[in-house]
Amino acid sequence: MPETEVAARPASSAWQPRSPWEGHARPGRHGRAEGAPGLILQPRGRSGLALLIAAPGRDTELGNRLAAHLGWSLPEPGRTRIAGERGLIWAAPGQWLALAEAPEDLRELDTLLDGVAAVTDQSDGRAVVRVSGGRAREALAKGVTVDLHPRAFGPGRTAVTGIAHIGAQLWQRDAEPTYDIAVARSFAGSFWDWLTAASAEFGYVVEPGPRA
Amino acid sequence: MRIRCPYCGARDNGEFSYLGDAAPRRPEGMAAEPAQMFDYVYLRDNPAGAIRELWYHAAGCRSWLVVTRDTRTHAIAGVAAARDVALAREAGR
């Protein structure tokens, strides 16, 4: 990030939100310089993420409350139900990731799901990067052991897996293909190193990331 | 070797941790004879052939699984969620 931007921050507090990708993602074209870029990497901002863990035997009640108040329905194992930047992503048996534009959008879940699910805010716990482009599948195949071929994996699908020995959850948004990949925040730097090394031979563009 | 997780589909065995034989049942607390506890803690069959064993899908859905595997060929005949196996056993009592 240019130093001028850092200096422009309000001086009222020493504590400022910081994107997990800051200091790693450099906007611009990288890797192979010739031809159209094979991948677009877009560090995601501070969107809302929360893990919902249903209390034993309360899956149905959890689904009912989410449907009644938010119009959401629980996706089956390995599936997502996302509209725009909001929705649910299956994470494990009885567990789902809730997704929203901002962390504040998920605050109401605490009271809404009282007694039926444990809600854990992950907005600052996970770092999310959006990976798209014609060569995205080939680049990801270097570290993802899940078959991402359209025959086996497509829009609306998710996988919890390891990528280059880093625990990750990915979900496919569209057939371009576009994937969102979430890793634990402290692994953002290591994951970025792997992702850019895997993408370099195809040429990739890093879109400007969020400030926080 | 790949294991077909009932939730996640076929995954590389590197995503799983191995525990061992799924057969032993912990004897009833303080009531058990020392010999029973010794059997539970230490004694294991070592079959050349099919065995039901516990695997944990650590890098995936964090579920315990009961995998039926042939120790001679590594061929996997079946995978079930350990939770479902336990519930079925409780129901069968």
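Here is what the cut-offs are and how they apply
Residues numbered from 1 in each chain as written. Chains lettered and ligands numbered in written order. Predicted model: local features only at pLDDT ≥ 70, side-chain atom pairs only at ≥ 80, totals over all residues. Heavy atoms only, no water. Helix = DSSP H or I, 4+ residues; strand = E, 2+ residues; numbered from the N terminus. Rg over C-alpha atoms; globule rule 2.2 N^0.38 Å. Buried < 20%, exposed > 50% of the residue type's maximum accessible area, 1.4 Å probe, protein only. Contact = heavy atoms within 4.5 Å. Domains from an automatic or database assignment. Buried area = accessible area lost by both parts, 1.4 Å probe. Salt bridge = Lys/Arg side-chain N within 4 Å of Asp/Glu carboxyl O. Polar contact = N/O pair within 3.5 Å; in protein donor to acceptor, adjacent residues only side chain to side chain. Nonpolar A, V, L, I, M, F, W, Y, C, P; charged D, E, K, R; others polar. Pairing = 2+ DSSP bridges. Axes fitted to C-alpha atoms, helices over the stretch in contact; angles between N-to-C directions. Expected span 1.5 Å × (residues − 1). Patch = residues over 30% accessible without salt bridge, like charges linked within 9 Å, V, L, I, M, F, W, Y side chains within 5 Å. Areas by Shrake-Rupley, 256 points an atom, 1.4 Å probe, with all protein chains shown as cover.

Right, let's talk about the overall build of chain A for a bit. Assigned secondary structure in chain A consists of five helices and 12 strands. In terms of overall size, chain A behaves like a compact globule, its C-alpha atoms giving a radius of gyration of 18 Å where 212 residues would be expected to give roughly 17 Å. The principal-axis extents of the C-alpha atoms in chain A amount to approximately 55 × 55 × 30 Å. Taking all 212 residues of chain A together, the buried fraction comes to 45%. Expressed as a percentage of contacts within chain A between residues at least 6 apart in sequence, the contacts between residues at least 24 apart total 68%.

Right, let's get into the domain arrangement of chain A. Residues and elements named next belong to chain A. Domain annotation for chain A reports domain 1 (25-45 + 125-206) and domain 2 (48-121). If you average the C-alpha positions of domain 1 and of domain 2, the two centres end up 25 Å apart. If you look at the interface, domain 1 gives 11 residues, while domain 2 gives 11 residues. Both faces considered, domain 1 and domain 2 share a buried interface measuring about 1,000 Å² in area, 53% of it formed by carbon and sulfur atoms. Where domain 1 touches domain 2, the interface holds three salt bridges. Notably, a salt bridge pairs Glu85 with Arg173, separated by 3.5 Å at the nearest N-O pair. At the junction of domain 1 and domain 2, the tally comes to seven residue pairs in polar contact (both at pLDDT 80 or more). Looking at the side of domain 1 that touches domain 2, its residues break down into three nonpolar, three polar and five charged.

All names here are of chain B. What the four strands build is an open sheet, ordered 3-4-5-6; its pairing is antiparallel. One side of each edge strand has no neighbouring strand; the edge strands of this open sheet are strand 3 (17-21) and strand 6 (76-81). In this sheet, adjacent strand axes meet at a mean angle of 25 degrees when their direction is disregarded. Taken together, the five bridges between strand 5 (residues 64-70) and strand 6 define a ladder with antiparallel strand orientation. Directly across from Thr68, in strand 6, lies its bridge partner Gly78. This element, helix 2 (residues 82-91), spans strand 4 (50-56), strand 5 and strand 6 of the sheet and lies at about 75 degrees to strand 6.

Chain A puts 12 residues into the contact, and the matching count from chain B is 10 residues. When the buried area of chain A at its contact with chain B is split by residue, Pro93(A), Thr145(A) and Val160(A) rank highest and sum to 47% of it. The interface formed by chain A and chain B holds zero salt bridges in total. For the side of chain A that touches chain B, the secondary-structure elements that each account for two or more residues are strand 5 (86-92) and strand 9 (158-163) of chain A. Here the side of chain A that touches chain B takes four residues from strand 9 of chain A, the largest share from any one element.

All right, on to helix 2 (residues 59-70) of chain A then. The α-helix advances 3.6 residues per turn, and as a result positions three or four apart in sequence lie on the same side. For helix 2 of chain A, spanning 12 residues, the distance from its first C-alpha to its last is 16 Å, which sits close to the expected 16 Å at 1.5 Å a residue. Looking one or two residues past helix 2 of chain A, Gly71(A) carries a phi angle of roughly 75 degrees, positive in sign.

On to the pattern of salt bridges, then. Residue and element names in this part refer to chain A. Following the criterion strictly, the structure yields 14 salt bridges over all chains and no others. Salt-bridge contacts for Glu101 lead to Arg86; the nearest nitrogen and oxygen are separated by 3.4 Å. With Glu101 in the loop between strand 6 (95-100) and helix 3 (109-112) and Arg86 in strand 5, this pair connects stretches of sequence that are 15 residues apart. With a relative accessible area of 43%, Glu101 lands in the partly exposed category. Salt bridges here are not isolated pairs; linked through shared partners, they connect Arg44, Glu85, Arg130, Arg173 and Asp180.

All right, on to unusual backbone geometry then. Omega for the peptide link from Glu176(A) to Pro177(A) comes to 5 degrees, which places this bond in the cis form. The topology assignment puts Pro177(A) in the loop between strand 10 (166-174) and strand 11 (178-184). Positive phi, normally seen in glycine, also occurs at Arg62(B), with a value near 60 degrees. Note on placement: Arg62(B) falls in the loop between strand 4 and strand 5. Backbone geometry at His74(B) places phi at a positive 65 degrees, although glycine is not the residue there. Relative accessible area serves as the criterion here: at 45%, His74(B) is assigned to the partly exposed category.

Let us now look at a nonpolar patch on the surface. Residue and element names in this part refer to chain B. Side chains of Phe38, Val41, Tyr42 and Leu43 sit close together on the surface and give an oily, nonpolar patch of about 430 Å² of accessible area. Secondary-structure assignment places Tyr42 in helix 1 (residues 34-42). What makes Tyr42 exposed here is its relative accessible area of 58%.

Taking burial as the measure, the seven residues of strand 5 of chain B include five buried ones, the bulk of the element. Counting the residues between successive antiparallel strands, the hairpin from strand 5 of chain B to strand 6 of chain B contains five residues, one of them, His74(B), with a positive phi of roughly 65 degrees.

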